[in-house]
Every structure is written in structure tokens, then in C-alpha cells.
Amino acid sequence: MSYNNLSPFYTSFVISFSSHVEPNTYSETMKHDYWRKAIQCEISALESNQTWETVILPKEKIVIGCKWIFKIKYKTNGKVEMYKARLVAKGYTQNAMTILILSL
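In short, a report on the structure. (Residues numbered from 1 in each chain as written. Predicted model: local features only at pLDDT ≥ 70, side-chain atom pairs only at ≥ 80, totals over all residues. Heavy atoms only, no water.)

### Let's talk about the packing of aromatic side chains
- Within this structure, the stated rule accounts for five aromatic pairs.
- Arranged with centres 6.0 Å apart and planes meeting at 50 degrees, the rings of Tyr 34 and Trp 35 form a pair that is tilted.
- Using a relative accessible area of 2% as the deciding quantity, one classes Trp 35 as buried.
- Consider the rings of Trp 35 and Tyr 83, whose centres lie 5.0 Å apart with planes at 75 degrees: the pair is edge-to-face. In this pair, Trp 35 is assigned in helix H3 (residues 33–48) and Tyr 83 in strand E2 (residues 80–89), connecting sequence segments 48 residues apart. (Phe/Tyr/Trp six-rings, centres within 6.5 Å; stacked < 30°, edge-to-face > 60°. Buried < 20%, exposed > 50% of the residue type's maximum accessible area, 1.4 Å probe, protein only. Helix = DSSP H or I, 4+ residues; strand = E, 2+ residues; numbered from the N terminus.)

Have a look at this one:
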């Protein structure tokens, strides 16, 4: 890829995007302090918002898993603003009956 036809400002903007990579796995994420800090911020936010509580799972219930989503947020000039981590539930693993019970 050639950057010859781009202005110097836009070239640095484009290069800043290509030099940062969002991790695909948790093990990739744990190699970097800034991603570990993003995870800790997300966990702190979930705890302060009382998003969940730890309970003993009844035998007739099935655990709905979760996964981490990692994103890099950029400023308008192309510099990294923050590393964002989100813990999301795998809601697609629910069956229709579980969704109906939860919505009542």
C-alpha cells in the first residue's frame, strides 16, 4: 500500500490506525498492560452498577456464558483515546423458553 498521494496529516492518521490491533483472544489481551487495565475498569463498572451477584446455580438452570469484546477508541486526529473492554453475555445460547421466563 502506498501513502504517496496522501497529505502528511492524513498519512499519520492512517498509519496510527494500522499500527494498533484489537486482540481476538483473551490470551492475546493479557500480554498488554493497557488491555488488562481496560478489563479491570469494566469489571469495576459492572460491580459498582451492581450488574450481577454471585449465587449458587440451581440444578435445573443452565449457565449462559459470556465473552470479552475489545475495541480501540480513537480521537478525531487518529491518536488512541482509550482501550475499551466489554464483558457481554452470550444471549444467543438461550432457548426460547428461557427467554420467555426471563421476560415475565
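This is not the end of the story, as more comes after the structure.
### Considering the environment of Lys 67
- Inspection of the secondary structure puts Lys 67 in strand E1 (residues 66–74).
- The sequence separation of Lys 67 and Thr 25 amounts to 42 residues, and the corresponding C-alpha distance is 9.7 Å.

### Observations concerning the nonpolar core
- In terms of nonpolar packing, the biggest core is built from seven residues, these being Trp 35, Ala 38, Ile 39, Phe 70, Ile 72, Tyr 83 and Ala 85.
- Elements that contribute at least two residues to this core include exactly H3, E1 and E2.
- Sorting elements by how many residues they give to this core places H3 first, with three residues.
- Contacts of Phe 70, omitting those with residues within four sequence positions, involve Glu 22, Pro 23, Thr 29, Trp 35, Ile 39, Lys 84 and Ala 85. (Core = buried A, V, L, I, M, F, W, Y, C linked by side-chain atoms within 4.5 Å. Contact = heavy atoms within 4.5 Å.)

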